[in-house]
Amino acid sequence: MHDLTGFQRDLLYVIAGADRPSGQTVKEEAENYYDSEINHGRLYPNLDTLVNKDLVEKGELDRRTNYYAITDAGEKQIDERRDWESQYVNF
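All values reported here derive from a predicted model rather than from experimental measurement.

Student: Could you give me a rundown of unusual backbone geometry, with the residues and numbers involved?
Tutor: For residues that are not glycine, phi is negative in most cases, and the peptide bond is trans in most cases. Backbone geometry places Asp-35, a non-glycine residue, at a positive phi of 55 degrees. As for its position among the elements, Asp-35 is in the loop between α2 (23-34) and α3 (40-52). The class of Asp-35 is exposed, set by a relative accessible area of 70%. Even without being glycine, Asp-54 reaches a positive phi, approximately 60 degrees. Position of Asp-54 among the secondary structure elements: in the loop between α3 and β1 (56-60). Overall, Asp-54 belongs to the exposed group, its relative accessible area being 53%.

If you want it as structure tokens, here you go:
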């Protein structure tokens with residue numbers, strides 16, 4: 001996960017916390033967190049990066065809508081990140 005941007009990491013967490021969200025759902029959740037609009041030109045290339053790194057899989061809900069789902073490798077990256085974080089911050 002060290003080679004992901006903070007935005008990509010946040011998208012990965014959103015996807016991990018949802019059941020096969022659409023790109024629009026991921027966008028809305030990220031906008032709520034960032035409290036600002038996220039344009040498609042920023043969102044979809046970053047989602048594609050997560051797909052290309054095999055952290056997320058992309059599938060079709062219908063002809064117009066894709067879904068995103070965390071892969072085993074993505075879950076492992078989150079687990080490793082949380083283990084690393086807990087060395088420094090443990091609530």
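Student: Go over the UniProt feature "domain: Transcription regulator PadR N-terminal" (unreviewed entry) in the protein chain with me, naming the residues and quoting the values.
Tutor: Within this numbering scheme, the UniProt entry marks residues 12-79 as carrying the feature "domain: Transcription regulator PadR N-terminal" (unreviewed entry). As a span, residues 12-79 carries 56% helix and 15% strand, and end to end its C-alpha atoms are 12 Å apart.

Student: Break down the pattern of salt bridges for me, with residues and values.
Tutor: Where charged atoms from two side chains of opposite charge come close, those side chains can pair. This structure, assessed with the given rule, holds five salt bridges. A salt bridge links Glu-31 to Lys-27, with the nearest nitrogen and oxygen atoms 2.7 Å apart. Of the two residues, Glu-31 and Lys-27 both sit in helix α2, four residues apart, roughly one turn of that helix. Across the pair Glu-85 and Arg-81 runs a salt bridge, and its minimum N-O distance is 2.9 Å. Here Glu-85 and its partner Arg-81 are both found in helix α4 (residues 72-86), four residues apart, which amounts to about one turn of the helix. The exposure class assigned to Glu-85 is partly exposed, which follows from its relative accessible area of 31%.

Cut-off values and rules
- Residues numbered from 1 in each chain as written.
- Predicted model: local features only at pLDDT ≥ 70, side-chain atom pairs only at ≥ 80, totals over all residues.
- Heavy atoms only, no water.
- Helix = DSSP H or I, 4+ residues; strand = E, 2+ residues; numbered from the N terminus.
- Buried < 20%, exposed > 50% of the residue type's maximum accessible area, 1.4 Å probe, protein only.
- UniProt positions renumbered as here; feature names shortened; annotations may be inferred.
- Salt bridge = Lys/Arg side-chain N within 4 Å of Asp/Glu carboxyl O.

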